Amino acid sequence: MVKEIYDNLLADLNLKAEDVPLFAGELEYANMGGGCSGHNVQVNRLPEVIPTAHVVSAENLPGNGVDAWHFSAQGYRIFGQRYAKEALNLMGIEIEIDEPTPPATAFELDQPFASLDEIGTTPFVIYNEQTKRAFYGSTDQNLGYDVLSVALQASNATIGFRLEPRDGNYLLRAITPVGDEYSVWGGWAPGYLNSQPTDGWCSFILGLNNQNGQDIENGALWDIQYVDGKGFSLKNIGTGKYLQDALPAKYDDPAYFSFYSYKPASSGISDVKVQRVADPHIYTLDGRRVDPRHLRPGIYIQNGKKIIKHK
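Residues numbered from 1 in each chain as written. Predicted model: local features only at pLDDT ≥ 70, side-chain atom pairs only at ≥ 80, totals over all residues. Heavy atoms only, no water.

Participant: For the sheet that holds strand β17 (residues 289-290), give the residues involved together with the corresponding values.
Facilitator: Taking strand neighbours across the sheet as the criterion, the four strands line up as β17-β16-β18-β19 in an open arrangement whose pairing is antiparallel. A single partner strand is all that each edge strand has here, and the edge strands are β17 and β19 (305-309). With three bridges joining them, strand β16 (residues 282-284) and strand β18 (residues 298-302) adopt antiparallel strand pairing. Bridging from a neighbouring strand, Thr284 pairs with Tyr300 of β18. (Pairing = 2+ DSSP bridges. Helix = DSSP H or I, 4+ residues; strand = E, 2+ residues; numbered from the N terminus.)

Participant: So what's going on with the pattern of salt bridges? Which residues, and what values?
Facilitator: Should their charged atoms come close, side chains of opposite charge can pair. Counted by the stated rule, this structure contains eight salt bridges. Among the ionic pairs, Asp7 bridges to Lys3, the shortest N-O distance being 2.7 Å. In this pair, Asp7 and Lys3 are both assigned in helix α1 (residues 2-12), four residues apart and thus about one turn of the helix distant. Judged by its relative accessible area of 26%, Asp7 is partly exposed. A salt bridge links Glu108 to Lys263; the shortest N-O distance between them is 3.9 Å. Of this pair, Glu108 sits in strand β3 (residues 107-112) while Lys263 sits in strand β15 (residues 258-264), and the two are 155 residues apart along the sequence. Looking at Lys263, the relative accessible area reads 34%, which means it is partly exposed. One network of salt bridges, with partners in common, ties together Glu108, Asp110 and Lys263. (Salt bridge = Lys/Arg side-chain N within 4 Å of Asp/Glu carboxyl O. Buried < 20%, exposed > 50% of the residue type's maximum accessible area, 1.4 Å probe, protein only.)

See below:
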């Protein structure tokens, strides 16, 4: 289908394939949050059917942390550099570009904090040493509470929180795996740890002070106290009760949590890469397959590379 469109464009504009190579960029990878990464199998097949096609890799390009289809600003800048490099390579010009650091696929706890002052603005994980569970953002505004192998996956919407002092209490701003502040539903509302009323069914990540009618006034404000030898308790200002799990802050007795900094988990596992299938056939620069026994002098394509027939 792509070849047909490409050939029609060349014909309609009276262009030659050797003068108009096709550059096709991959989609956001699954480990970066991409929701259509499976299409890259087809993108990487383009050079098999269009000899003048060149695939531009999207490996390690960060997503925007909001949806499953778009890159971040940094990702788009690096993608543009990769397009330029591919085009210049075709012209015989080699350049160096800035490449992103390979992303972590999971994180692990690093250092525990013993006071709020010690935390400052450092993102941290809220972890219960007794239940061995931590809070995280699963999708959109949903709050998860699960074991670390689930809570600290880079595919989660959020994995940590950052303190924001307000009126003697604290807001807990949700932080994405790449360290950005999280906003729910395409960016219209900032993501904060919230509570429904005590007769609600969950705590979650959403807005401030009764935005969209789902949280309650002051449901995003928390009285956080540290008890030596126990940890941090979180009392919700809106409900006047304590947080213990992903249910509303509705408990009379506090649960105690450890606040940890976190870091990428060490792993020797690498991502699976798509390998292009070798094509032994020979094509002209405009994509026509030719008989190797009857080649005229000129430039041809075989296995994605140019070959020259002199005589």
